[in-house]
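Given next are the chains, with one letter for each unit.
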Amino acid sequence: MSTSNEVTGADSAPDDPGAEEPAAGSSARAANESASEAATGAPSGTTAVPDQATAPDTPPRDVSDGRPETSYDAHFRVWRGDPEGGRLEDFTVEVNEGEVVLDIIHRLQATQAGDLAVRWNCKAGKCGSCSAEINGRPRLLCMTRMSTFERADVVTVTPLRAFPVVRDLVTDVSYNYTKAREIPSFVPPAELAPGEYRMQQEDVERSQEFRKCIECFLCQDTCHVVRDHEENKQSFAGPRFLMRQAELDMHPLDAAEEQGLDRKTSAQEEHGLGYCNITKCCTEVCPEGIRITDNALIPMKERVADRKYDPLVWLGNKIRRRS
Ligand code: SF4
Ligand code: SF4
Ligand code: FES
């Protein structure tokens, strides 16, 4: 997760694309008005009288305040603070058609809260930077459409709860990088040179799903094992990194075991696979739709149980280890 666009309002105002939002909003509004002008033949800013014979069922546009009827004022409640503490601040802020929560946060930076800190990069659901909690649910700010809320709803935006706050909506997610470093990477097979690797398409597709991960850490944030129990972080890698272990364990070319690394035992005994009680909360919040629990964690648990309790598998492993 890059931090190149950690925006702290006024500090970064000259280069802050968010600061251009009002202009973008204005031009969008101007575009709307031009489109309306073309459609009705009336200049923007005036109320066109619809032709009764052809008038659509929808009511005429309200232009009394110069805004299209798709524009409205929303009630936002945003957490402001730092590691010492903070509070929720209320804002009334303009929302336009097609906007996402990140647009509104940018508008707040540009108009009312110049020093509001938020982390983001791509605004396309691909970098995993803009993770936060919206009305208590872990979500990407840039992929949460304002149209999912009623106009009267209060939209509450808070930082990820499982990680320490840096400032406002920015959290310190280094727990995840620590866990990532603890997992040994793919071990190439000794007898094959790069370029000679061959896999069944079925095996490629199985791990392809896990490769879609954008490392937004929403699954890590939502998992109750660490969300409410800071003390578990030491011994629990979290769904994203247990999934990584499961992916490597099912990789047909991974030669970890030949090197004495048993990924199943490692997942269970060093990275806390046993803490997971397959509630599937991680799967529910994953913006990539990865079936973390069904396709990674449960199969991994089954393989761990096979290894430990199936007498034939147990015997086979003993023999293999001796030879
Ligand atoms: S399924 Fe397991 S890893 Fe996922 S949220 Fe539940 S306990 Fe955590
Ligand atoms: S598995 Fe899904 S929720 Fe978890 S970090 Fe990856 S993309 Fe985000
Ligand atoms: S800004 Fe990249 S995922 Fe939201």
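Residues numbered from 1 in each chain as written. Chains lettered and ligands numbered in written order. Predicted model: local features only at pLDDT ≥ 70, side-chain atom pairs only at ≥ 80, totals over all residues.

On to the overall build of the protein chain, then. A count of helical and extended segments in the protein chain gives eleven helices and nine strands. Put simply, the protein chain has 323 residues, and 33% of those count as buried. Contacts in the protein chain between residues far apart in sequence, at least 24 positions, make up 64% of those at least 6 positions apart. (Helix = DSSP H or I, 4+ residues; strand = E, 2+ residues; numbered from the N terminus. Buried ≥ 20, exposed ≤ 12 C-beta atoms within 10 Å, placed from the backbone. Contact = placed C-beta atoms within 7 Å.)

Of all residues adjacent to ligand 1, which total 13 residues, the nearest are Cys223, Pro239, Cys276, Thr279 and Cys282. Elements represented by at least two residues in the shell around ligand 1 include exactly α9 (281–285) and α10 (292–309). Of the residues belonging to the shell around ligand 1, the class tally is eight nonpolar, four polar and one charged. (Near = placed C-beta within 6 Å. Nonpolar A, V, L, I, M, F, W, Y, C, P; charged D, E, K, R; others polar.)

Moving on to the pairing of strand β6 (residues 137–140). Sheet topology note: the strand β5 (residues 131–134)/β6 ladder contains four bridges and is antiparallel. Counted as the bridge partner of Ala132 is Arg139 from β6. Hairpin geometry of β5 and β6 is characterised by an intervening segment of two residues between the two adjacent antiparallel strands and by a positive phi of about 50° at Asn135. (Pairing = 2+ DSSP bridges.)

This paragraph deals with the site of ligand 2. Taken together, 14 residues form the shell around ligand 2, and within it Cys213, Cys216, Leu218, Cys219 and Cys286 come nearest. Grouping the constituent residues of the shell around ligand 2 by class yields eleven nonpolar, no polar and three charged.

Our next topic: the sheet that holds strand β7 (residues 154–158). Overall, mixed pairing links the five strands, which are arranged β3-β2-β7-β5-β6 in an open sheet. Each edge of the open sheet carries a strand with a single partner, namely β3 (85–95) and β6. Averaged over all pairs of adjacent strands, the angle between strand axes in this sheet comes to 30°, irrespective of strand direction. As judged from the two bridges shared by β5 and β7, these two strands associate in the antiparallel manner. (Axes fitted to C-alpha atoms, helices over the stretch in contact; angles between N-to-C directions.)

Another aspect to go through is unusual backbone geometry. Unusually for a residue other than glycine, Glu215 sits at a positive phi of about 55°. In this structure, Glu215 sits in the loop between α4 (201–211) and α5 (218–222). Within the chain, Lys280 stands out as a residue other than glycine whose phi angle is a positive 70°.

The next thing to look at is the nonpolar core. Core analysis: the largest hydrophobic core is formed by 56 residues, its most contacted members being Ile105, Leu141 and Leu242. If you count residues domain by domain, this core takes at least three from each of domain 1 (6–32 + 68–170) and domain 2 (174–322). Not counting the four nearest positions on each side in its chain, Ile105 is found in contact with Leu116, Val118, Leu141 and Val157. (Core = buried A, V, L, I, M, F, W, Y, C linked by C-beta atoms within 7 Å. Domains from an automatic or database assignment.)

Averaged over every residue, the pLDDT of the protein chain is 83; residues scoring 70 or more account for 77%. Note on residues 6–56: pLDDT under 50 across the span, and 52 contacts to partners over four residues away in sequence or across chains. With pLDDT under 50 throughout, residues 58–63 is counted as low confidence; its partners more than four residues away or in other chains account for eight contacts. (pLDDT = per-residue confidence, 0-100.)

As for its placement among the helices and strands, Lys126 is situated in the loop between β4 (117–119) and β5. It is 9.8 Å that separates the C-alpha atoms of Lys126 and Met143, two residues lying 17 residues apart in sequence.

Right, let's get into the pairing of β7. Across the two faces of β7 the burial differs, with Val155 and Val157 buried and Val154, Thr156 and Thr158 not buried at all. Pairing of strand β2 (residues 72–82) with β7, which is carried by four bridges, proceeds in the parallel orientation. Residue pairing in the sheet places Phe76 in a bridge with Val155 of β7.

Another aspect to go through is the packing of helix α8 (residues 263–270) against α10. Where α8 contacts α10, the axes come no closer than 9 Å and their chain directions differ by 105°. In terms of orientation, α8 lies roughly perpendicular with respect to α10. Residues Lys264, Ala267 and Gln268 of α8 form the contact with α10, whose own contacting residues are Met300, Arg303, Val304 and Arg307. Tallied by class, residues from the contact of α8 with α10 come to three nonpolar, one polar and three charged. (Parallel < 35°, antiparallel > 145°, perpendicular 65-115°, else oblique.)

Moving on: the packing of helix α7 (residues 239–249) against α8. As a packed pair, α7 and α8 sit with axes 9 Å apart at the nearest point and diverge in direction by 165°. Viewed along their axes, α7 and α8 adopt a mutual orientation that is roughly antiparallel. Judged by the twist between their axes, the crossing of α7 over α8 is left-handed. Side by side, α7 and α8 meet where Leu242, Gln245, Leu248 and Asp249 of the first sit next to Arg263, Lys264, Ser266 and Ala267 of the second. Its residues placed into classes, the contact of α7 with α8 shows three nonpolar, two polar and three charged. (Left-handed = near helix turned anticlockwise from the far one by under 90°.)

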